[in-house]
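Notes for the structure review
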Amino acid sequence: MRHRHFLKLFSAGAIMLSVLAGPALANPVVVFDLKNGQILQHQDAFKRWYPASLSKLMTAYVTFRAIAAGEVQLDSPIKVTKHSAGEPPSKMGFKPGSVMRLDNALKMMLVKSANDIAMAVGENVGGSQAAFAERMNAEAARLGMNGTHFVNPNGLYSPDQYTTARDLSVLVMAIRREFPQYAPWFSIEGLAVGKKAIPNYNLLIGRYPGADGMKTGFVCPSGFNMIGSATRNGRTLVAVVLGEKSAVSRAETAAKLLDQGFDTPTAGSATVATLAPYGDTVSPNDMQDEVCKKKKTSEEQSETPPAVAAKDAPKSPYQEKLDHVPTLVAVGLGGATGPAPKAMLDQGGQEYADVPIPSWRPDRPVPTGGGPAVAGSAAQGDQPVKVAN
């Protein structure tokens, strides 16, 4: 009798595992229910990975916390500094000294994934890139993101900027639970900047039924990362996908994972908070050679999906144009009538973000680690950037 009962339980468990397992996946993924954090599927959840522009989710979270604390307001001015204006694409390209509202800056950062705007937000809200990175790491530690470290607010490649699929899941839960008022910003179909329309790099938005967020990211060492969320019948699921080979394949993978999740009525006992670390948690994965050293078009090495499908391959639904006129949110410069961010001003009115960073004395050797980090010809942020030799 006991043996028969065990077999029954084993059989039921095997069926559940087969439902959750789906096709074999090559890279880190986590699929979870936003309401209770229950995990429906995970693989290499604690593998160290370069976040690329998924870093901007922490930049948004730190900024939301600063707004809640009264340090800054949605209509506060965000000034483009010389440093931020010099960040590589993807970018808005505003000149140093340009000023915009904080809420507009955040929308540009989240939808266009603009590296210059993310840096400007970090410098203005934190006082400097370094000070803002300290706040990013403090929030990561407070949330229990133990496998994460930041050095910049936009996700441009640094060997010291890394995270895990599990930690990103923790961050998503914090953003969506603590700041539901900003949820619509993550599902914007596109931006209108003057007469120019800028589509969201998240190809699920407007194409996948119920899609309502969150963010994409790409640098050559990370591959194509994505966090996609969708809500159906009151149930919101989130798929974290790291290290895909293209902007299209990451959308397809996220969609398949979400489909599997919605087809699974129940989940296991593990949650985002309770999942125990496993596997290699310290060796970073570098996809530079795999993603960017093969001969590919510039579109294939950017967040923009290639317009033409590969030979003999059907066009993906995530390469198709939207089947409706996209709803665009107007953003731009000006309109910043609120108080300046407190971190930007000291008692004498000095703007920290415009203080030049001193260079090393030419008559002295540069110390180890004192030179600039150069990532070769790696694509940065959302589009490839060429580094002058």
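Throughout what follows, the structure given in this document is the object of discussion.

Each pair of packed helices gets described by two things: the angle between the helix axes and the distance between those axes. Put simply, helix α2 (residues 55-68) and helix α4 (residues 102-112) touch, their axes get as near as 10 Å, and they point 160 degrees apart. Here α2 lies roughly antiparallel to α4, going by the angle between them. Here α2 runs over α4; the crossing is left-handed. Contact residues: α2 offers Lys56, Thr59, Ala60, Thr63, Phe64 and Ile67, while α4 offers Leu102, Leu106, Met109 and Leu110.

On to the state of the cysteines, then. The tally for this structure, following the rule as stated, stands at one disulfide. The disulfide that involves Cys220 links it to Cys292, with 1.8 Å between the sulfurs. Where Cys220 bonds to Cys292 through sulfur, the torsion about that S-S bond is close to -85 degrees, and the disulfide is left-handed. With Cys220 in the loop between β7 (211-219) and β8 (223-232) and Cys292 in helix α9 (residues 288-292), this pair connects stretches of sequence that are 72 residues apart.

Let us look at the sheet that holds strand β10 (residues 328-330). The three strands lie next to each other as β6-β5-β10, forming an open sheet whose pairing is mixed. The outermost strands of the open sheet, each flanked by one partner alone, are β6 (196-199) and β10. For this sheet the average axis-to-axis angle between neighbouring strands, irrespective of direction, equals 30 degrees. Across three bridges, strand β5 (residues 190-193) lies against β10 in parallel orientation. Bridge pairing in β10 places Leu191 opposite Val329.

Taking strand neighbours across the sheet as the criterion, the five strands line up as β2-β1-β9-β8-β7 in an open arrangement whose pairing is antiparallel. Looking at the sheet topology across the chains shown, the edges are occupied by β2 (39-43) and β7. Strand-to-strand twist across the sheet, computed as the mean angle between neighbouring axes with direction ignored, equals 5 degrees.

Moving on to the pairing of β7. Counted residue by residue, β7 has nine buried out of nine residues, so it is predominantly covered. Examined bridge by bridge, β7 and β8 share eight bridges and lie antiparallel to one another. The residue bridging Ala211 from the neighbouring strand is Ala230, located in β8. Here β7 folds back onto β8 in antiparallel fashion, the turn holding three residues.

The full count for this structure, using the stated rule, is nine aromatic pairs. With centroids separated by 5.1 Å and ring planes inclined at 85 degrees, the aromatic side chains of Tyr50 and Tyr157 adopt a geometry described as edge-to-face. With Tyr50 in the loop between β2 and α2 and Tyr157 in the loop between α6 (129-143) and α7 (165-178), this residue pair connects regions lying 107 residues apart in the sequence. Aromatic side chains Phe179 and Tyr182 sit 6.1 Å apart centroid to centroid with 40 degrees between the ring planes, which places their arrangement in the tilted category. As far as burial versus exposure is concerned, Phe179 and Tyr182 are alike and both buried. Among the aromatic residues, ring-to-ring pairing joins Tyr61, Phe64, Phe179, Tyr182 and Trp185 into one connected group.

Now for the nonpolar core. If you look at the biggest cluster of nonpolar residues, it comprises 72 residues, and the most contacted ones within it are Phe32, Met58, Phe64, Ile117 and Ile227. Setting aside anything within four residues of it in sequence, one finds Met58 in contact with Met136, Glu139, Ala140, Met145, Phe150 and Leu171. Counting residues in hydrophobic clusters, the runner-up holds 20 residues, among them Leu40, Ile205, Met226 and Ala254.

Let's shift gears to the side chain of Asn124. Along the chain, Asn124 falls in helix α5 (residues 115-126). Within the local environment of Asn124, its side chain forms a polar contact with the backbone oxygen of Ala120, the two atoms lying 2.6 Å apart. Excluding residues that lie within four positions of it along the chain, Asn124 makes contacts with Pro77, Ile78, Lys79, Pro341, Ala343 and Met344.

In this section: α7. The terminal C-alpha atoms of α7 lie 20 Å apart, and with 14 residues this matches the ideal 20 Å at 1.5 Å per residue to within 8%. In terms of burial, α7 is largely enclosed, as 12 of its 14 residues are buried. Among the residues making up α7, those that are buried are Ala165, Arg166, Asp167, Leu168, Ser169, Val170, Leu171, Val172, Met173, Ala174, Ile175 and Arg176. Those residues of α7 that are buried are in contact with β1 (29-33), α2, α6, β7, β8 and β9 (235-244).

What counts, and at which threshold
Residues numbered from 1 in each chain as written. Predicted model: local features only at pLDDT ≥ 70, side-chain atom pairs only at ≥ 80, totals over all residues. Heavy atoms only, no water. Axes fitted to C-alpha atoms, helices over the stretch in contact; angles between N-to-C directions. Helix = DSSP H or I, 4+ residues; strand = E, 2+ residues; numbered from the N terminus. Parallel < 35°, antiparallel > 145°, perpendicular 65-115°, else oblique. Left-handed = near helix turned anticlockwise from the far one by under 90°. Contact = heavy atoms within 4.5 Å. Disulfide = S-S within 2.5 Å. Pairing = 2+ DSSP bridges. Buried < 20%, exposed > 50% of the residue type's maximum accessible area, 1.4 Å probe, protein only. Phe/Tyr/Trp six-rings, centres within 6.5 Å; stacked < 30°, edge-to-face > 60°. Core = buried A, V, L, I, M, F, W, Y, C linked by side-chain atoms within 4.5 Å. Polar contact = N/O pair within 3.5 Å; in protein donor to acceptor, adjacent residues only side chain to side chain. Expected span 1.5 Å × (residues − 1).

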